[in-house]
Amino acid sequence: MEYVTLSNGVKMPILGYGVYQVTKDECERCVLDALEVGYRSIDTAQSYFNEEEVGSAMKKSGIPREEIFLTSKVWVEHYGYEETRKSVEESLRKLQTDYLDLMLLHQPFNDYYGAYRALEDLYDEGKLRAIGVSNFYPDRLVDLASFTRIPPMVNQIETHVLNQRTEDYEWMSKYHVAHEAWAPFGEGRGGLFDNEALKQIGEKYGKTTAQVMLRWNIQRGVIVLPKSTHKERMIQNLDVFDFTLTDEDMSAIAGLDTKTSAFFSHYDPNMVEWFVKMVEERKKQ
Ligand code: A2P
């Protein structure tokens, strides 16, 4: 495994297992499989409703807590200083641990400044080894990094071959914020798993398109969080450290960038509609 050193010196595996959309029923088994095949970084969130299952899988695995890099995210409904503090305690209880390796603010909405102040204090208290954000466009990120006592160490954003986020990457580097990719396969949208250019590159190394997509991000220094509910694919997605893409491969992949989200239109009302839906649905739970 390779690691990225965050701005506070904490080392984070460059590849981890994400559990977005992994249902409560499947989650414990999936995380146990992931840990068994060698993943040592697990990414969950309050809004995924599977923190308890992640916690029980970690316990059942018998792997010492300090060998696992554990990330969760505070959901917007729990923003504001006091609410965030309470919700982090709740996450720790559900995850059966007394600290998180990384806690992120899930979205740049509601009182995220209040929420961030809570993360800063929890960081000082040793309950969070690193803190950061997710889904922050450069404007919000630079704002936050400029006006906080402890600048964010990570920004987790949609990043894949079709939406490479090179400008975001530049801003993040400037502010020492590690770039973490969610949906590193773009969930396979746009025919990514069958992309001819990726297939041809993969054939040279005996690797799949999925492995090429992960390797490309890793070589850019971007942390990846592939998710699969299938053990063979978990193994495949971890098997990306024994080959190196050439500069030509990297430029060919750079040419596939559409600079467009596979999920949302940039600053588009769809994004707001999606957000409203998420908030409404989660209120009902
Ligand atoms: P599955 O869980 O059935 O394996 P992303 O990480 O970009 O959100 O993409 C997740 C999707 O990609 C899931 O639908 C997952 O399906 C699929 N997937 C994950 N790994 C692979 C792989 N190595 N080959 C093909 N599909 C994969």
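- Under an unreviewed UniProt entry, the name given to the chain is Aldo/keto reductase, and the source organism is Dorea acetigenes.
- You can read under Sequence similarities (unreviewed entry) in the UniProt record for the chain the words "Belongs to the aldo/keto reductase family."

1. Looking at the pairing of strand β6 (residues 102-105)
Phase 1 of the analysis: Burial of the side chains of β6 extends over both faces: L102 and L104 are buried on one face and M103 and L105 on the other.
Phase 2 of the analysis: The pairing of strand β5 (residues 69-74) with β6 spans four bridges and is parallel. Along β6, the bridge assignment pairs T71 with L102.
Phase 3 of the analysis: Note that β6 and strand β7 (residues 131-134) share three bridges and pair parallel. The residue of β7 that forms the bridge with L105 is V133.

2. So, the UniProt feature "domain: NADP-dependent oxidoreductase" (unreviewed entry) in the chain
Phase 1 of the analysis: Residues annotated by UniProt as "domain: NADP-dependent oxidoreductase" (unreviewed entry) correspond here to residues 21-256.
Phase 2 of the analysis: Secondary structure content for residues 21-256 is 46% helix and 12% strand, while the C-alpha to C-alpha distance between its ends is 27 Å.

3. Describing the site of the ligand
Phase 1 of the analysis: The immediate surroundings of the ligand are formed by 17 residues, with A183, F185, A210, S228 and T229 found nearest.
Phase 2 of the analysis: The biggest single contributor to the shell around the ligand is helix α9 (residues 231-238), with three residues.
Phase 3 of the analysis: Across the shell around the ligand, the residue classes break down as six nonpolar, eight polar and three charged.

Parameters and conventions
Along each chain, residues carry numbers from 1 onward, in the same order as the chain's sequence is written. Owing to the predicted nature of the model, reporting of local features is limited to residues with pLDDT of at least 70; listing and counting of side-chain atom pairs is limited to 80 or more, with chain, interface and lining totals taken over all residues. UniProt positions are given in the numbering used here, feature names are shortened, and annotations may be inferred rather than shown by experiment. Any residue with 12 or fewer other C-beta atoms within 10 Å of its own C-beta is exposed, any with 20 or more is buried, and the rest are partly exposed; the C-beta atoms used are placed from the backbone. Numbering of helices and strands runs from the N terminus; a helix is a DSSP stretch of H or I covering at least four residues, while a strand is a stretch of E covering at least two. Only strands joined by at least two bridges in the DSSP assignment are considered to pair. Using a C-beta atom placed from the backbone, a residue is described as near a molecule or strand when that atom lies within 6 Å of it. When residue character is reported, Ala, Val, Leu, Ile, Met, Phe, Trp, Tyr, Cys and Pro are called nonpolar, Asp, Glu, Lys and Arg charged, and the others, Gly included, polar.

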